[in-house]
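Residue strings, one per chain:
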Amino acid sequence: MRVPLSWLKDYVEITQSPEELAHTLTMAGLEVEALEYIGADWGDRIITAQITHLEKVAGSDHLSYTRINTGSEEIGVICGAPNIKEGDKVPLALPGARIGDLTIGVARKMGYVSEGMLCSPRELGLGSDHSGIYILDPATPLGVKLADLFSDVVLEFAIKAHRGDLSSVIGIAREVAALTRKPLRLPEPRFSEQGKPAAELVRVTVEDTELCPRYSARVISGVKIGPSPDWMARRLLMAGMRPINLVVDITNYVMLEVGQPLHAFDYDLVRQQHIIVRRARDGEEITTLDGVQRRLRGDMLLISDPEGPTAIAGVMGSAISEVNETTTRILLESANFKPANVRRTAVTLGLRTESSARFEKGLDPELTTFGANRAAQLMAELAGGQVHPGIVDVYPRPVEARSILFSPAEVEWLTGLKVTSRQVHDALSALEFKVEEVSAAADAAGGEQLLRVTVPTFRGDIEEGADLVEEVLRMIGYDQLPATVPEGPLPEPQSDHWFEREYEIREILIGLGLHEILTYAMTSRQRMLNLLAEVNASTARALLLKPADDGRSGWIVAGAGTTEVAAVGPGSDDGATSAGQEPFEARSLPAVTITNPLSNELECMRLTLLSGLMETLQENSKRTRAGLRLFEIGRRYLPRGAGELPEERRSLAIALCGPAAISWVPELARPADFYDLKGIVETLLERLHIQHYRFTAAQHPTFHPGRCALVEVGRPETNGEQHFMPLGFLGEVHPVVQQRYDLPQRAYLCELDLAALYAAVPERLSYAPISRHQELTRDLAVVVDQQVPARKVQEVIQRQGGELLRTVALFDVYTGSSIPAGKKSLTYTLLYQAQDRTLTDAEANALQERIVEALREEFGATLRS
């Protein structure tokens, strides 16, 4: 939640700096996530100005040429916003001004000279609205630095689910007043009531008082729909909301101010002027204000009239009774709804709003009338409305303030901090708790003072003495807790092998210049299917693969049996559904489904870490030109049989995108490629002392055909042979997938199974003495068929070279005029060395001949002349 400091100061005196205030609140349990300094980077090159002339640019369907009066001169500016007109006062960024990473300059466009830029709210940091230019108040003077008028500090809070009372500016102000011992200044709604009583104008029927404990309604007539005053629009923008019109803005303003969501109906569009609060009928439909038709379930609460639904309770209104330009009479709803029902409805419909976010945290039913009266006051003052007498208030079971018997000794018993009754009284009274002394209790420990604490109705989170202890401690300060030495024996240390292993991998990859990220383990099926260039039942199996754990080679599909690597996916180039393949529905992808998800985007547990990495690349590639080198260590959740818990596979995923490094050296500034990623994997394997591994060409529906490799690691068999097991895939992302994620450059991904990786890590390391005898080096260039992998040639060389062949390294692959068509030349460096003697040339030559003969028999290889 965003709270402008200037708005907060309306209700409490603040003498601390923004940084000190943020620290004070955070230390008291109100987490201030960020401080945003509005106007801090505007300087003197963003000023107020006025549009004196406006004309369409010939040849463009959206550009306009404007003449702008700065108060001292008139300049020309090209603008593409649709909401400007002659006479508007606007923010003007002059040449030299900086808007984010952009420096404004003089430019020529379509025959016009543009000497600046008109700014939208988002460009100024006043919100997220980028639909048009920010229109200033008509009374704004010209040529004034915008920072002198609008500079402010916005505090961004992370409001916890149990503190619904903090979902407003006044709620934060109440905490500031308590912590700083300053008086709280609440607005007092005052207005005159005229005309026919509201009870004669509207009828309210609440059919389900469990889901709607209270429903209050007011009627205001004679309102004039228009833009909001500049001070209100600016506060809404800084709080993250877009101004719409005066009536709607007042309801949003009051919601942000006091925490009570409101809804304004066009009174004349509510059929029969009868509000009915009821459960929806299964399959009933409503078109909400965002223009989407939504199908409802029987457990959802509706606001309706006798002819049909008009709003989804606590979430969003419908278009049928929306306030519009012709509206003159307002039916104002101020209600209280059951938090769990609002949350379930919002999640099911995928429709989270500012209103639902507040109802989900639990609101005080006593707040409805205050919120309605505050909005009625503003509509009378700003919109010229006439407030009709009385409130239609359906409140069958008024909430009663909870009373708790509390002993100050509980504070010391729970925290070790000794406090007096006076300290407890002052701390709780500052938070608007009512504290009364009760006669001393005679017990074995002597007379002990008891307090009767009456909890205000807006603090629904306070249920017992331990909650009061926390409140006392927040006011006194957590830093006052005494430091004590733990007593008793220390627990036995628990060894966690996986913690140590993941730490080891993390250290290696960070040392290679990668950055670790953490993404949600919850995702959606569609987000995972976005990884596949071609989506069908066959390619979707790639998301369910895991290495076999029982010593067999190949892969296992979760919940099925063994499959071959080649069956992973066809690697289609176009990403379209293959001929003969039926369209694949995301819901048919086997995954662990979450019963009550936070949103439709988090409806199941992930089958792969790659989707989170790709989304992170997508977001960060928009904000930086530097190379992205990311990795994540996490778990995949593979489904088992019905009713069984999922298999949690520990995995490592790596992603590269953009320049290999930021450097003036061209070689370092080149784009990252397949071999950068392969080198990272090789370094990881070697640092883990895995000597036997190989990369085999493979196909996978996420990767570019021909640019994907299967990583395999060797496990020694009893006969001394190496048995290679699959570890994971790496490769270049398929162009279809790259385009789907809107990545500006090629991306490279890798995902490795950590259980398979550590099964190949030797339990014990063996060392041999360094030979004191001279090495012999020989180069070997052989010509083989194009399709023969260099890796297989190298395996034969190593096998034939035996113990005397220490290292083999491929250093050249050549195809050219001197090489027959369909052939290639592979050149290796071979290093021979014995442990007990210096090898002779004859011995080395004999080994070379044996290797050449083996290559001739195996691959038909010939020596390159």
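For clarity, every value in this text was computed on a predicted model and none was experimentally measured. (Residues numbered from 1 in each chain as written. Predicted model: local features only at pLDDT ≥ 70, side-chain atom pairs only at ≥ 80, totals over all residues. Heavy atoms only, no water.)

Quick look at the packing of helix 7 (residues 230–238) against helix 8 (residues 246–258) now. Here helix 7 crosses helix 8 at 55°, and the two axes come no closer than 10 Å. As summarised for this structure, helix 7 and helix 8 are arranged oblique, according to the angle between their axes. Between helix 7 and helix 8 the crossing geometry is left-handed. Residues Trp231, Met232, Arg235 and Leu236 of helix 7 lie in contact with helix 8, whose contacting residues are Asp249, Ile250, Asn252, Tyr253 and Leu256. For the contact of helix 7 with helix 8, a count of residues per class yields six nonpolar, one polar and two charged. (Axes fitted to C-alpha atoms, helices over the stretch in contact; angles between N-to-C directions. Helix = DSSP H or I, 4+ residues; strand = E, 2+ residues; numbered from the N terminus. Parallel < 35°, antiparallel > 145°, perpendicular 65-115°, else oblique. Left-handed = near helix turned anticlockwise from the far one by under 90°. Contact = heavy atoms within 4.5 Å. Nonpolar A, V, L, I, M, F, W, Y, C, P; charged D, E, K, R; others polar.)

Turning next to the nonpolar core. Within the largest apolar cluster, 72 residues are counted, with the highest numbers of intra-cluster contacts made by Leu8, Leu25, Phe157, Ile172 and Ile330. When sequence neighbours within four positions are dropped, the list of residues in contact with Phe157 reads Met1, Val3, Leu25, Leu30, Glu31, Val32, Glu33 and Ile172. The next biggest cluster of nonpolar side chains, apart from the first, holds 41 residues, and it includes Leu529, Leu589, Leu630 and Ala655. (Core = buried A, V, L, I, M, F, W, Y, C linked by side-chain atoms within 4.5 Å. Buried < 20%, exposed > 50% of the residue type's maximum accessible area, 1.4 Å probe, protein only.)

On to the layout of surface pockets. Of the voids in this model, the largest pocket is the one considered here, and its volume is about 2,100 Å³. Along the walls of the largest pocket sit 45 residues, with Tyr693, Arg791, Gln794, Glu795 and Gln798 positioned nearest its centre. Ranked by the residues each element gives to the lining of the largest pocket, the list is headed by strand 41 (residues 805–814), at seven residues. Here the residues of the lining of the largest pocket sort into 20 nonpolar, 12 polar and 13 charged. Estimated volume of the second largest pocket: approximately 850 Å³. Around the second largest pocket, the lining is made up of 34 residues, and of these Ile244, Val248, Asn252, Leu289 and Met316 lie nearest the centre. Those elements that place two or more of their residues in the lining of the second largest pocket are helix 8, strand 15 (263–266), strand 20 (308–312), strand 21 (316–317), strand 22 (329–336) and helix 10 (354–360). Classifying every residue of the lining of the second largest pocket by side-chain character gives 18 nonpolar, 11 polar and five charged. (1 Å grid on protein atoms, 1.4 Å probe; cavity = no way out; pocket = protein on both sides within 12 Å on 5 of 7 lines; lining within 4 Å. Points joined across faces, edges and corners; volume = space filled by probe spheres on them.)

Further remarks concern empty space enclosed by the protein. Using the criterion set out here, one finds one cavity of 30 Å³ or more in the structure. Here the largest cavity is characterised by a volume of approximately 220 Å³. Residue lining of the largest cavity: 21 residues in total, with Ala542, Arg636, His700, Phe729 and Glu751 positioned closest to the centre. Going through the elements one at a time, strand 30 (545–547), strand 38 (722–733) and strand 39 (747–753) are the ones with two or more residues in the lining of the largest cavity. For the lining of the largest cavity, the leading source of residues is strand 39, giving four residues.

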